[in-house]
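Commentary on secondary and tertiary structure
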Amino acid sequence: MCGVFGIRSVDRDVARLTYFALFALQHRGQESAGIAVSEGGRLTVLRDMGLVAQVFNEQQLQALPGEVAIGHTRYSTTGGAHWSNAQPLVHHGRSRTIALGHNGNLTNAGALREELIADGIRLGSTSDTEVIAALIARDPAPLPDAVAATMARLEGAYSVVALVDDTLVAFRDRHGIRPLTLGHLGGDMVVASESCAFDLIGATVDRDVRPGEVLWFDGAGMHSTQALPEGRGAACIFEHVYFARPDSRLDGSEVYSSRVRMGRQLAVEAPAVADLVMSIPDSGTPAAIGFARASGIPYEEGLIKNRYVGRTFIQPDQELRRQGIKLKFNPLDEIAGQRVVVVDDSIVRGNTMQQLVTMLFEAGATEVHVRISSPPVVSPCFYGIDMADEDELAAAHRSVEEMRERIGATSLHYLSLEGMQTATRLPENSVCRACFTRDYPAAVPSSADKMRFETAVV
Ligand code: SF4
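Residues numbered from 1 in each chain as written. Predicted model: local features only at pLDDT ≥ 70, side-chain atom pairs only at ≥ 80, totals over all residues. Heavy atoms only, no water.

Quick notes on the site of the ligand
Inspection of the region around the ligand gives 13 residues, with C236, C381, Y383, C432 and C435 positioned closest. The set of elements that each furnish at least two residues to the shell around the ligand consists of helix 8 (237-243) and helix 15 (434-437). Within the shell around the ligand, the residues separate by chemical class into 11 nonpolar, no polar and 2 charged. (Near = heavy atom within 4 Å. Helix = DSSP H or I, 4+ residues; strand = E, 2+ residues; numbered from the N terminus. Nonpolar A, V, L, I, M, F, W, Y, C, P; charged D, E, K, R; others polar.)

Shown next as structure tokens:
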């Protein structure tokens, strides 16, 4: 998962606006952050490991003047978590220099890397993102044509912002798997992974970037072309379940409302006799509120979250994740002697839920009824979410009863596929649900190992 942002404005502080937009997109990636600006075609990039607030300071922002800026927050899905893979990446090609930020995951990056290397092109990173940059930078055609030709070669998921000279470019894969939204700030155009970035800087949402569409913004304004015919719509439904911020609007509807509806539906499908409904904060909270409203059981806080620790799901390795859980939650005395319904958005590896259920019993809960506002995750994501390999997915080869035993809950129920779909109010043929169904809408790679290019830097 990553967050991207882009702006072109001749009279605003584009680096500062990008910095604040990245703050709003911090939840999409916490490994590294970066901003690239162009001033009269002169490119400057600042990127580093860490959170947005750690990477930039006032002095650095003041040293980033320009009229075009792109920004990126990264969580790695191909290539390790190190500086050379931080974005925006810059690639100096035969035809142009480009800075580029990518959210998604290419499923044919291996073949494209081999082709570029065979052509004598040096790749300085191990991420799939540089493949996109290198293809565009090699192509002698005018920029929009080079982007369109590159898109025709790419398979998988990509929502991209790029900067060439004084032109901002944004494009999205033919299925629209990862989000990308277009908006305006006064007379200036902005693009972002999620609309919450617009809210923070005072911009207004216009529309989603269409699947297969290229937008470019130069001195003459905004231009658009449908570079690829729109494929089967496959917007990631997990964005609605968990990834996106609840105050973002995706595909025309607020994420928070979808999550409340998921919780309501869960209460209808899997009621429980209990004294209180609580969430695993913060991701399970809207669904817990929905469950409480539909069931009539009062909603209470049962766990206090330390908000200064990163999201456990998004930490890069298993050991950090384990430590993260202990650092992150503390139960309240409120739950002692109570029968509790605990609502969360999903169970991926199951370690977090197992430890939380134990924690709640130790705090005195007499019954712990776990309710999950999505179906069991049974298959990995190849489109930009580093959730786990199939053998790490707790529900991939277990029944619901086996899962209940594993986490130690009094009862366990998941929301049905139909219930989740209905709650999003999106048609079934417009979304990807592959991690729940194993029905992948686009090609999947031969290897899902995100470190597969780590020894191949040339
Ligand atoms: S496989 Fe799951 S997480 Fe990946 S894009 Fe599809 S719905 Fe989203």
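There's more to say after this.
Looking at the nonpolar core
In terms of nonpolar packing, the biggest core is built from 44 residues, with F238, V277, V343, Y383, M387, M420 and F436 touching the most fellow members. Elements with a contribution of two residues or more to this core: helix 8, helix 9 (255-269), helix 10 (285-295), strand 20 (339-344), helix 14 (417-424), strand 23 (431-432) and helix 15. Top element by residues in this core is helix 8. It accounts for 5 residues. There are two domains that each give this core at least three residues, and those are domain 1 (2-234) and domain 2 (254-425). Residues in contact with V343, not counting those within four places in the same chain, are L266, V277, M278, S279, I280, G284, A287, A288, F291 and R371. Counting 29 residues, the second-largest nonpolar core is a separate cluster that includes L123, A137, L143 and M151. (Core = buried A, V, L, I, M, F, W, Y, C linked by side-chain atoms within 4.5 Å. Buried < 20%, exposed > 50% of the residue type's maximum accessible area, 1.4 Å probe, protein only. Domains from an automatic or database assignment. Contact = heavy atoms within 4.5 Å.)

Structural notes on unusual backbone geometry
Residue P88 follows Q87 across a cis peptide bond; omega there is 5°. Residue position: P88 is located in the loop between strand 4 (68-74) and strand 5 (89-92). Look at the link from P281 to D282: it is a cis peptide, with omega at -5°. The topology assignment puts D282 in the loop between strand 17 (276-279) and helix 10. At D165, a position not held by glycine, the phi torsion is positive, near 50°. Residue position: D165 is located in the loop between strand 7 (156-164) and strand 8 (167-172).

Focus: the packing of helix 4 (residues 109-118) against helix 5 (residues 129-138)
Taken N-terminus to C-terminus, the directions of helix 4 and helix 5 make an angle of 45°; their axes are 10 Å apart at the nearest point. Here helix 4 is positioned oblique relative to helix 5, judged by the angle of their axes. For the pair helix 4 and helix 5, the crossing hand works out as left-handed. Judged by residue contacts, A109, L112, R113, E115 and L116 of helix 4 engage V131, A134, L135 and R138 from helix 5. Taken together, the residues that form the contact of helix 4 with helix 5 break down as 6 nonpolar, no polar and 3 charged. (Axes fitted to C-alpha atoms, helices over the stretch in contact; angles between N-to-C directions. Parallel < 35°, antiparallel > 145°, perpendicular 65-115°, else oblique. Left-handed = near helix turned anticlockwise from the far one by under 90°.)

Some details on the sheet that holds strand 12 (residues 213-218)
The sheet built from 6 strands is open, its strands ordered 5-6-7-8-12-13 with antiparallel pairing. Each edge of the open sheet carries a strand with a single partner, namely strand 5 and strand 13 (221-226). In this sheet, neighbouring strand axes are inclined to one another by 20° on average, regardless of whether the strands run parallel or antiparallel. Against the sheet, helix 6 (residues 143-153) touches strand 7, strand 8 and strand 12, its axis set at about 25° to strand 8. (Pairing = 2+ DSSP bridges.)

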